[in-house]
Amino acid sequence: MDRIFAKKSLGQNFLKDEAVLKKIADTFAVTEKDLIVEIGPGKGALTKYLIQKKSSTLCYELDTRLKNILLSFDSEKCHFIFDDFLKRDLFKDIGNIDGNVYFIANIPYYITTPIITHILNSGLDVSGMTLLVQKEVALRFSAVPNTRDYGYFTVLLHHFFDVFLLFDVPNTSFDPPPKVTSSVVKLIRKKHIEIIDFSLFDSFLKRAFSQKRKTLRNNLGIHDFEKIIPILEKYDLPLTIRAEEVSYELFVEFFRKLV
Ligand code: SAM
(Lines give C-alpha, C1' and ligand atoms only; values in the text may rest on other atoms or scores of the structure.)
Protein backbone atom coordinates (compact mmCIF):
# COMPACT_ATOMS: atom_id res chain seq x y z
CA MET A 1 0.00 0.00 0.00
CA ASP A 2 1.08 3.61 -0.50
CA ARG A 3 2.27 5.86 2.29
CA ILE A 4 0.58 9.07 1.24
CA PHE A 5 -0.90 10.79 4.28
CA ALA A 6 -4.29 12.45 3.95
CA LYS A 7 -4.21 16.24 3.71
CA LYS A 8 -7.02 17.80 5.71
CA SER A 9 -6.63 21.05 3.79
CA LEU A 10 -7.65 19.21 0.59
CA GLY A 11 -10.66 17.51 2.17
CA GLN A 12 -8.99 14.13 1.84
CA ASN A 13 -11.22 11.50 3.39
CA PHE A 14 -10.73 8.41 1.30
CA LEU A 15 -13.75 6.15 0.94
CA LYS A 16 -12.87 2.54 1.72
CA ASP A 17 -16.26 0.77 1.64
CA GLU A 18 -16.18 -1.15 -1.65
CA ALA A 19 -19.94 -1.81 -1.66
CA VAL A 20 -20.66 1.92 -1.34
CA LEU A 21 -18.09 2.82 -4.00
CA LYS A 22 -19.65 0.37 -6.44
CA LYS A 23 -23.14 1.60 -5.67
CA ILE A 24 -22.08 5.20 -6.38
CA ALA A 25 -20.41 4.19 -9.66
CA ASP A 26 -23.58 2.37 -10.77
CA THR A 27 -26.01 5.25 -10.26
CA PHE A 28 -26.26 6.13 -13.97
CA ALA A 29 -26.61 3.75 -16.90
CA VAL A 30 -24.00 5.11 -19.31
CA THR A 31 -23.17 4.36 -22.95
CA GLU A 32 -19.95 4.49 -25.03
CA LYS A 33 -20.75 8.04 -26.09
CA ASP A 34 -21.05 9.37 -22.56
CA LEU A 35 -18.47 10.96 -20.33
CA ILE A 36 -18.16 10.60 -16.58
CA VAL A 37 -16.29 13.38 -14.84
CA GLU A 38 -14.78 12.66 -11.44
CA ILE A 39 -13.59 15.50 -9.22
CA GLY A 40 -10.92 14.45 -6.74
CA PRO A 41 -10.21 10.80 -7.60
CA GLY A 42 -7.77 10.58 -4.67
CA LYS A 43 -6.16 7.16 -4.83
CA GLY A 44 -8.63 5.93 -7.44
CA ALA A 45 -11.05 4.11 -5.11
CA LEU A 46 -14.07 5.19 -7.19
CA THR A 47 -12.15 5.57 -10.44
CA LYS A 48 -11.46 1.83 -10.59
CA TYR A 49 -15.22 1.20 -10.83
CA LEU A 50 -15.90 4.13 -13.19
CA ILE A 51 -13.38 2.88 -15.74
CA GLN A 52 -15.21 -0.44 -15.96
CA LYS A 53 -18.14 1.40 -17.57
CA LYS A 54 -18.66 1.69 -21.31
CA SER A 55 -18.25 5.47 -21.14
CA SER A 56 -15.05 7.53 -20.99
CA THR A 57 -13.83 9.10 -17.77
CA LEU A 58 -12.12 12.40 -17.06
CA CYS A 59 -10.71 13.07 -13.60
CA TYR A 60 -9.48 16.28 -11.99
CA GLU A 61 -7.07 15.92 -9.08
CA LEU A 62 -5.27 18.79 -7.37
CA ASP A 63 -2.83 16.72 -5.31
CA THR A 64 0.10 15.81 -7.54
CA ARG A 65 1.43 13.37 -4.91
CA LEU A 66 -1.28 11.04 -6.22
CA LYS A 67 -0.02 11.17 -9.79
CA ASN A 68 1.85 7.86 -9.70
CA ILE A 69 -1.09 5.94 -8.30
CA LEU A 70 -3.64 7.56 -10.60
CA LEU A 71 -1.68 7.32 -13.81
CA SER A 72 -1.88 3.54 -13.50
CA PHE A 73 -5.57 3.96 -14.41
CA ASP A 74 -4.78 6.17 -17.42
CA SER A 75 -5.93 4.75 -20.74
CA GLU A 76 -7.55 5.64 -24.05
CA LYS A 77 -10.84 5.93 -22.15
CA CYS A 78 -9.64 7.54 -18.93
CA HIS A 79 -7.73 10.79 -18.63
CA PHE A 80 -6.45 12.84 -15.74
CA ILE A 81 -6.00 16.56 -15.32
CA PHE A 82 -3.82 17.47 -12.35
CA ASP A 83 -5.11 20.91 -11.53
CA ASP A 84 -7.59 22.82 -9.40
CA PHE A 85 -11.04 21.88 -10.72
CA LEU A 86 -12.37 25.32 -9.80
CA LYS A 87 -9.84 27.02 -12.08
CA ARG A 88 -10.59 24.94 -15.15
CA ASP A 89 -12.59 26.10 -18.14
CA LEU A 90 -14.88 23.07 -18.26
CA PHE A 91 -16.32 23.96 -21.62
CA LYS A 92 -12.82 23.99 -23.08
CA ASP A 93 -11.84 20.72 -21.37
CA ILE A 94 -15.02 18.86 -22.24
CA GLY A 95 -16.88 20.91 -24.85
CA ASN A 96 -19.64 19.47 -26.95
CA ILE A 97 -19.51 15.71 -26.85
CA ASP A 98 -21.97 13.43 -28.64
CA GLY A 99 -23.20 11.74 -25.51
CA ASN A 100 -24.22 12.81 -22.03
CA VAL A 101 -21.98 14.26 -19.36
CA TYR A 102 -22.30 12.97 -15.80
CA PHE A 103 -20.40 14.04 -12.70
CA ILE A 104 -19.83 11.20 -10.24
CA ALA A 105 -17.60 11.98 -7.29
CA ASN A 106 -16.78 11.90 -3.64
CA ILE A 107 -16.02 15.60 -3.57
CA PRO A 108 -13.92 17.59 -1.09
CA TYR A 109 -16.59 18.91 1.31
CA TYR A 110 -14.95 22.28 1.91
CA ILE A 111 -15.74 23.36 -1.64
CA THR A 112 -19.08 21.63 -2.28
CA THR A 113 -21.03 24.76 -3.26
CA PRO A 114 -18.19 26.28 -5.35
CA ILE A 115 -17.84 22.98 -7.25
CA ILE A 116 -21.53 22.77 -8.16
CA THR A 117 -21.71 26.49 -8.95
CA HIS A 118 -18.67 26.12 -11.21
CA ILE A 119 -20.37 23.26 -13.08
CA LEU A 120 -23.67 25.13 -13.44
CA ASN A 121 -21.87 28.25 -14.58
CA SER A 122 -19.74 26.44 -17.16
CA GLY A 123 -22.33 26.29 -19.91
CA LEU A 124 -21.97 22.50 -20.06
CA ASP A 125 -25.11 20.51 -20.63
CA VAL A 126 -24.83 18.17 -17.64
CA SER A 127 -27.28 15.24 -17.63
CA GLY A 128 -26.77 14.25 -14.04
CA MET A 129 -24.56 14.14 -10.99
CA THR A 130 -24.04 11.71 -8.16
CA LEU A 131 -22.16 13.36 -5.34
CA LEU A 132 -21.08 12.24 -1.92
CA VAL A 133 -21.47 15.24 0.34
CA GLN A 134 -21.92 16.11 3.99
CA LYS A 135 -25.33 14.88 5.16
CA GLU A 136 -26.29 18.33 6.41
CA VAL A 137 -25.62 19.72 2.92
CA ALA A 138 -27.52 16.88 1.24
CA LEU A 139 -30.54 17.77 3.38
CA ARG A 140 -30.30 21.35 2.18
CA PHE A 141 -30.11 20.23 -1.43
CA SER A 142 -33.25 18.13 -1.15
CA ALA A 143 -35.24 20.46 1.12
CA VAL A 144 -38.79 21.58 0.40
CA PRO A 145 -40.31 25.01 1.13
CA ASN A 146 -41.31 25.87 4.68
CA THR A 147 -38.51 23.84 6.24
CA ARG A 148 -35.37 24.97 8.02
CA ASP A 149 -33.07 23.51 5.35
CA TYR A 150 -34.71 25.30 2.42
CA GLY A 151 -32.38 28.03 1.16
CA TYR A 152 -31.07 29.87 -1.87
CA PHE A 153 -28.93 26.95 -3.06
CA THR A 154 -31.91 24.56 -2.82
CA VAL A 155 -33.83 26.76 -5.23
CA LEU A 156 -30.87 27.18 -7.57
CA LEU A 157 -30.28 23.41 -7.78
CA HIS A 158 -33.95 22.61 -8.28
CA HIS A 159 -34.14 24.95 -11.21
CA PHE A 160 -31.83 22.60 -13.11
CA PHE A 161 -32.26 19.21 -11.47
CA ASP A 162 -34.59 16.82 -9.74
CA VAL A 163 -32.79 16.03 -6.51
CA PHE A 164 -32.79 12.63 -4.81
CA LEU A 165 -31.27 11.74 -1.49
CA LEU A 166 -30.02 8.17 -2.04
CA PHE A 167 -28.40 6.90 1.16
CA ASP A 168 -26.17 7.82 4.09
CA VAL A 169 -22.57 6.76 4.48
CA PRO A 170 -21.22 6.51 8.06
CA ASN A 171 -17.94 8.22 8.85
CA THR A 172 -16.35 4.84 9.61
CA SER A 173 -16.45 4.11 5.85
CA PHE A 174 -13.65 6.63 5.31
CA ASP A 175 -9.95 6.82 6.01
CA PRO A 176 -9.44 9.05 7.91
CA PRO A 177 -13.05 9.30 9.13
CA PRO A 178 -14.55 12.79 8.74
CA LYS A 179 -16.32 14.30 11.78
CA VAL A 180 -19.68 14.20 10.00
CA THR A 181 -22.03 11.68 8.40
CA SER A 182 -22.12 11.79 4.61
CA SER A 183 -24.90 11.21 2.10
CA VAL A 184 -25.09 10.37 -1.56
CA VAL A 185 -27.28 12.70 -3.62
CA LYS A 186 -28.32 12.16 -7.20
CA LEU A 187 -29.24 15.08 -9.43
CA ILE A 188 -31.08 14.40 -12.67
CA ARG A 189 -31.35 17.19 -15.23
CA LYS A 190 -34.91 18.42 -15.69
CA LYS A 191 -36.32 17.96 -19.19
CA HIS A 192 -37.53 21.51 -19.66
CA ILE A 193 -35.41 24.20 -18.11
CA GLU A 194 -36.30 27.82 -18.67
CA ILE A 195 -33.13 29.57 -19.82
CA ILE A 196 -32.12 32.28 -17.43
CA ASP A 197 -28.93 34.18 -16.77
CA PHE A 198 -27.20 32.02 -14.16
CA SER A 199 -25.24 34.77 -12.36
CA LEU A 200 -28.23 37.10 -12.18
CA PHE A 201 -30.47 34.32 -10.86
CA ASP A 202 -27.80 33.32 -8.34
CA SER A 203 -27.48 36.87 -6.96
CA PHE A 204 -31.25 37.35 -6.98
CA LEU A 205 -31.77 34.23 -4.87
CA LYS A 206 -28.97 35.16 -2.47
CA ARG A 207 -30.66 38.51 -1.97
CA ALA A 208 -34.10 36.94 -1.47
CA PHE A 209 -32.75 34.67 1.28
CA SER A 210 -30.31 37.18 2.76
CA GLN A 211 -32.21 37.57 6.04
CA LYS A 212 -34.34 34.52 6.74
CA ARG A 213 -36.64 36.18 9.28
CA LYS A 214 -37.44 39.14 7.06
CA THR A 215 -40.15 39.25 4.41
CA LEU A 216 -39.30 38.80 0.77
CA ARG A 217 -40.34 42.40 0.20
CA ASN A 218 -37.76 43.55 2.71
CA ASN A 219 -34.97 41.42 1.30
CA LEU A 220 -35.71 42.41 -2.27
CA GLY A 221 -35.57 46.09 -1.34
CA ILE A 222 -33.74 47.19 -4.47
CA HIS A 223 -36.35 45.60 -6.74
CA ASP A 224 -39.78 46.98 -7.57
CA PHE A 225 -41.83 44.60 -5.45
CA GLU A 226 -45.06 46.06 -6.87
CA LYS A 227 -44.36 44.12 -10.06
CA ILE A 228 -44.85 40.76 -8.40
CA ILE A 229 -47.97 41.64 -6.43
CA PRO A 230 -50.24 40.36 -9.27
CA ILE A 231 -48.41 37.00 -9.11
CA LEU A 232 -48.87 36.77 -5.34
CA GLU A 233 -52.56 37.62 -5.78
CA LYS A 234 -52.93 35.03 -8.52
CA TYR A 235 -51.75 32.30 -6.11
CA ASP A 236 -53.54 33.78 -3.14
CA LEU A 237 -50.29 34.43 -1.28
CA PRO A 238 -49.74 37.17 1.32
CA LEU A 239 -47.62 40.26 0.60
CA THR A 240 -45.71 39.42 3.77
CA ILE A 241 -44.44 36.14 2.32
CA ARG A 242 -40.89 35.08 3.26
CA ALA A 243 -38.39 33.49 0.89
CA GLU A 244 -38.55 30.11 2.61
CA GLU A 245 -42.29 29.96 1.80
CA VAL A 246 -41.80 30.45 -1.93
CA SER A 247 -41.66 27.39 -4.24
CA TYR A 248 -38.84 26.79 -6.74
CA GLU A 249 -41.11 27.52 -9.71
CA LEU A 250 -42.48 30.72 -8.24
CA PHE A 251 -38.98 32.09 -7.75
CA VAL A 252 -38.43 31.85 -11.48
CA GLU A 253 -41.68 33.76 -12.10
CA PHE A 254 -40.59 36.47 -9.67
CA PHE A 255 -37.16 36.65 -11.25
CA ARG A 256 -38.68 37.09 -14.72
CA LYS A 257 -40.72 40.06 -13.52
CA LEU A 258 -38.07 41.74 -11.39
CA VAL A 259 -34.70 41.28 -13.07
N1 SAM B 1 -12.45 10.00 -4.62
C2 SAM B 1 -11.54 9.61 -3.56
C3 SAM B 1 -12.22 8.64 -2.62
O4 SAM B 1 -13.44 8.52 -2.69
O5 SAM B 1 -11.52 8.01 -1.86
C6 SAM B 1 -11.05 10.86 -2.79
C7 SAM B 1 -12.10 11.74 -2.23
S8 SAM B 1 -11.51 13.02 -1.18
C9 SAM B 1 -12.99 13.35 -0.26
C10 SAM B 1 -11.46 14.48 -2.20
C11 SAM B 1 -10.38 14.54 -3.25
O12 SAM B 1 -10.47 15.80 -3.92
C13 SAM B 1 -8.96 14.47 -2.74
O14 SAM B 1 -8.22 13.53 -3.49
C15 SAM B 1 -8.38 15.89 -2.94
O16 SAM B 1 -6.97 15.90 -3.18
C17 SAM B 1 -9.16 16.33 -4.15
N18 SAM B 1 -9.30 17.80 -4.28
C19 SAM B 1 -9.41 18.72 -3.28
N20 SAM B 1 -9.55 19.96 -3.79
C21 SAM B 1 -9.55 19.82 -5.14
C22 SAM B 1 -9.67 20.73 -6.23
N23 SAM B 1 -9.82 22.06 -6.01
N24 SAM B 1 -9.60 20.27 -7.49
C25 SAM B 1 -9.43 18.92 -7.73
N26 SAM B 1 -9.33 18.00 -6.73
C27 SAM B 1 -9.38 18.45 -5.47
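Computed from a prediction, not measured in an experiment: that's the story for all the values here.

Draft legend 1. Expanded view of a nonpolar patch on the surface. A cluster of nonpolar side chains, contributed by Phe164, Leu166 and Ile188, occupies part of the molecular surface with about 230 Å² of accessible area. Its location among the elements puts Leu166 in strand β7 (residues 161–169).

Draft legend 2. Structural context of the sheet that holds strand β3 (residues 56–60). Taken together, the seven strands give an open sheet; going across it, the order is β4-β3-β2-β5-β6-β9-β7, and neighbouring strands pair in mixed fashion. The outermost strands of the open sheet, each flanked by one partner alone, are β4 (78–81) and β7. Here the strands of the sheet are splayed against their neighbours by 20 degrees on average, with no regard to which way each runs. Note that strand β2 (residues 35–39) and strand β5 (residues 101–106) share three bridges and pair parallel. If you follow Val37 over to β5, its bridge partner there is Phe103. Docked against the sheet, helix α1 (residues 18–25) engages β5, β6 (126–134), β7 and β9 (182–189), running at close to 170 degrees with respect to β7.

Draft legend 3. Layout of the domain arrangement of the chain. By domain assignment, the chain separates into domain 1 (8–189) and domain 2 (198–258). A straight line from the C-alpha centre of domain 1 to that of domain 2 covers 31 Å. Counting residues at the interface gives 18 residues for domain 1 and 16 residues for domain 2. Of the roughly 1,400 Å² buried at the junction of domain 1 and domain 2 (both faces included), carbon and sulfur atoms supply 69%.

Draft legend 4. Spotlight on the packing of aromatic side chains. Per the counting criterion, the structure on display carries 14 aromatic pairs. Between the aromatic rings of Phe80 and Phe82, the centroid separation amounts to 6.1 Å while the plane-to-plane angle is 20 degrees, which identifies the pairing as stacked. Taking the relative accessible area as the measure of exposure, Phe80 reaches 13% and is therefore buried. With a centroid separation of 5.8 Å and 50 degrees between ring planes, the pair formed by Tyr150 and Tyr248 is classed as tilted. One end of the pair, Tyr150, is in the loop between α6 (135–141) and α7 (152–160); the other, Tyr248, is in helix α11 (residues 248–258), and 98 residues separate them in sequence. Seen from the ring of Phe5, Arg65 lies directly overhead, with NZ or CZ sitting 4.8 Å from the centre. One Lys or Arg, Lys186, reaches over the ring of Phe28 and ends 4.5 Å from the middle of that ring.

Draft legend 5. Representation of the packing of helix α5 (residues 112–121) against α7. Where α5 contacts α7, the two axes come as close as 12 Å, and the packing angle between them is 35 degrees. Handedness of the α5/α7 crossing: left-handed. Contacts between α5 and α7 involve Thr113, Ile116, Thr117 and Leu120 from the first element and Tyr152, Phe153, Leu157 and Phe160 from the second. When the residues that make up the contact of α5 with α7 are grouped by side-chain class, the tally is six nonpolar, two polar and no charged.

Draft legend 6. Focus on unusual backbone geometry. For the bond running from Asp175 to Pro176, omega is -5 degrees, close enough to zero to count as cis. Along the chain, Pro176 falls in the loop between β8 (174–175) and β9. Even without glycine at this site, Asn146 takes up a positive phi of about 65 degrees. Of note, Asn146 is situated in the loop between α6 and α7. Note on Asn146: relative accessible area 54%, which makes it exposed.

Reading the values: rules and limits
- Residues numbered from 1 in each chain as written.
- Predicted model: local features only at pLDDT ≥ 70, side-chain atom pairs only at ≥ 80, totals over all residues.
- Heavy atoms only, no water.
- Patch = residues over 30% accessible without salt bridge, like charges linked within 9 Å, V, L, I, M, F, W, Y side chains within 5 Å.
- Areas by Shrake-Rupley, 256 points an atom, 1.4 Å probe, with all protein chains shown as cover.
- Salt bridge = Lys/Arg side-chain N within 4 Å of Asp/Glu carboxyl O.
- Helix = DSSP H or I, 4+ residues; strand = E, 2+ residues; numbered from the N terminus.
- Pairing = 2+ DSSP bridges.
- Axes fitted to C-alpha atoms, helices over the stretch in contact; angles between N-to-C directions.
- Contact = heavy atoms within 4.5 Å.
- Domains from an automatic or database assignment.
- Buried area = accessible area lost by both parts, 1.4 Å probe.
- Phe/Tyr/Trp six-rings, centres within 6.5 Å; stacked < 30°, edge-to-face > 60°.
- Buried < 20%, exposed > 50% of the residue type's maximum accessible area, 1.4 Å probe, protein only.
- Lys NZ or Arg CZ within 6 Å of the ring centre and 35° of its normal.
- Left-handed = near helix turned anticlockwise from the far one by under 90°.
- Nonpolar A, V, L, I, M, F, W, Y, C, P; charged D, E, K, R; others polar.

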